[in-house]
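Listed here are the chains, written in short residue letters.
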Amino acid sequence: MSRIGKLPVVIPEGVKVSVADGVVTVTGKKGTLTQALRNEVAVKVEGNEVIVTRFDDEKLSRSFHGLYRQLIANMVKGVHDGYSKVLLINGVGYKAEVKGNILSLSLGYSTMIEYMIPEGITITADGPAKLTISGISKEKVGQVAAEIRSLRGPEPYKGKGIKYETETIRRKVGKSGGKK
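Residues numbered from 1 in each chain as written. Predicted model: local features only at pLDDT ≥ 70, side-chain atom pairs only at ≥ 80, totals over all residues. Heavy atoms only, no water.

Undergrad: An account of the overall build of the protein chain is needed here, citing residue identities and associated values.
TA: When you go through the protein chain residue by residue, the secondary structure sums to 2 helices and 13 strands. A compact globule built from 180 residues should have a C-alpha radius of gyration of about 16 Å, whereas the protein chain, at 21 Å, is more than 25% larger. Overall, the protein chain is about 70 × 45 × 25 Å in size when its C-alpha atoms are taken along their principal axes. Burial statistics for the protein chain: of 180 residues in total, 36% are counted as buried. Of the roughly 11200 Å² of accessible surface on the protein chain, 51% is carried by carbon and sulfur atoms. Here the protein chain contributes 29 positively and 18 negatively charged side chains, and the mean placements of these two sets differ by 13 Å. (Helix = DSSP H or I, 4+ residues; strand = E, 2+ residues; numbered from the N terminus. Rg over C-alpha atoms; globule rule 2.2 N^0.38 Å. Buried < 20%, exposed > 50% of the residue type's maximum accessible area, 1.4 Å probe, protein only. Areas by Shrake-Rupley, 256 points an atom, 1.4 Å probe, with all protein chains shown as cover. Lys, Arg positive; Asp, Glu negative; His and termini not counted. Charge placed at Lys NZ, Arg CZ, Asp CG, Glu CD.)

Pasting the structure below:
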């Protein structure tokens, strides 16, 4: 039995979970999320808990059992609390600015980079060197943060670039001007 899959998902106050036609819908104070289910798993709502079960012991069914339980848990947490990631921008002249639904980044290239903020995601610039990405979908928040980080990843010599707040960069020693 999947250790993650057999744990019930507790539904907090103010969150509503419904299952219909192979689609799980979670509604809360921050919004609504939906997730289509595969045929290997079944979802039941009992009281204030969501229980995910599987139909057989095939390897594929066992793997989807834990996956869908965790996806539903992430949806419940997202509509109740939301998710956020913080990106730090390090480098001389590197800065970020939000104008409407466009994020303008100056990252040492010859042109400014303009990133269209997807629907359901909020980006706030806390100063020129700090971005906070927030939303109700953990998947979308992580994807947007990864896309922005990939525009100029941190480099190991001077530490310039965009990094996650919790990330540590392993620094390397540069060239030494020794004797020949």
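That was the structure; now back to the text.
Undergrad: Please set out the packing of aromatic side chains residue by residue, giving values where relevant.
TA: Here the structure, examined in full by the defined rule, presents 1 aromatic pair. For the pair Phe 64 and Tyr 68, a centre-to-centre distance of 6.0 Å together with 50° between the ring planes defines the contact as tilted. Taken together, the residues Phe 64 and Tyr 68, both in helix 1 (residues 59-80) and 4 residues apart, mark about one turn of the helix. Overall, the relative accessible area of 6% leaves Tyr 68 in the buried class. The ring of Tyr 109 has Arg 152 lying over it, and the distance from NZ or CZ to the ring centre is 4.3 Å. (Phe/Tyr/Trp six-rings, centres within 6.5 Å; stacked < 30°, edge-to-face > 60°. Lys NZ or Arg CZ within 6 Å of the ring centre and 35° of its normal.)

Undergrad: Report on the side chain of Ser 106, specifying residues and quantitative values.
TA: Tracing the backbone through its elements, the reader meets Ser 106 in strand 9 (residues 102-106). Among all residues touching Ser 106, those that are not within four sequence positions of it are Gly 93, Tyr 94, Lys 95 and Met 112. (Contact = heavy atoms within 4.5 Å.)

Nothing here speaks to function; it is geometry throughout.
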